[in-house]
Amino acid sequence: QKKYKVAKIKNELGLHARSAAQIANLAGKSAANIWLKKDDQTADASSIIDILTLACEKGTKITIVIEDLADINILDAIVDLVDSGFGE
């Protein structure tokens, strides 16, 4: 059962390598795949390179999708990370 949440990139530099690494680190602990979606593009949330291909600048809305409800805490953690501006 898939579940998703939408988050908006708030930090000035957008979704760059360090912030992508923070997402990939969280997603890497998941039981199943986690995806990031922007418009019609989809990226594997556990891959820094994949995340960077989305080219998310400040103000971009991304959808975080989990495939297993066991990963709901990781979904929430990724949303919190994005909402906090990646601590920048």
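Refer to the structure above for everything that follows.
None of the values given here were measured: they were computed from a predicted structure. (Residues numbered from 1 in each chain as written. Predicted model: local features only at pLDDT ≥ 70, side-chain atom pairs only at ≥ 80, totals over all residues. Heavy atoms only, no water.)

Caption draft 1: Region of the structure containing helix α3 (residues 72-83). A rise of 1.5 Å per residue sets the reference length of α3, with its 12 residues, at 16 Å; its end C-alpha atoms lie 16 Å apart and thus fit the reference within 8%. Residues Ile 74, Leu 75, Ile 78, Val 79, Leu 81 and Val 82 constitute the buried set of α3. For α3, the arc enclosing every buried residue in end-on projection is 160 degrees, short of the 170-degree limit, so these residues lie on one face. Turned more than 90 degrees from where α3 packs its buried face, Asn 73 and Asp 80 sit exposed. Buried residues along α3 sit in contact with β1 (3-8), α1 (17-27), β2 (34-38) and β4 (61-66). Phi turns positive, to about 70 degrees, at Gly 85, one or two residues after α3. (Helix = DSSP H or I, 4+ residues; strand = E, 2+ residues; numbered from the N terminus. Expected span 1.5 Å × (residues − 1). Buried < 20%, exposed > 50% of the residue type's maximum accessible area, 1.4 Å probe, protein only. Arc of directions from axis to C-beta. Contact = heavy atoms within 4.5 Å.)

Caption draft 2: Representation of the sheet that holds strand β3 (residues 41-44) within the structure. Pairing within the open sheet is antiparallel, and its 4 strands lie in the order β1-β4-β2-β3. Across the chains shown, the open sheet's two edge strands, defined by having one partner strand only, are β1 and β3. Averaged over all pairs of adjacent strands, the angle between strand axes in this sheet comes to 25 degrees, irrespective of strand direction. Note: β2 against β3, 4 bridges, orientation antiparallel. Note on β3: the bridge partner recorded for Leu 36 is Ala 43. Where α3 meets the sheet, it contacts β1, β2 and β4, and its direction lies at approximately 10 degrees from that of β1. (Pairing = 2+ DSSP bridges. Axes fitted to C-alpha atoms, helices over the stretch in contact; angles between N-to-C directions.)

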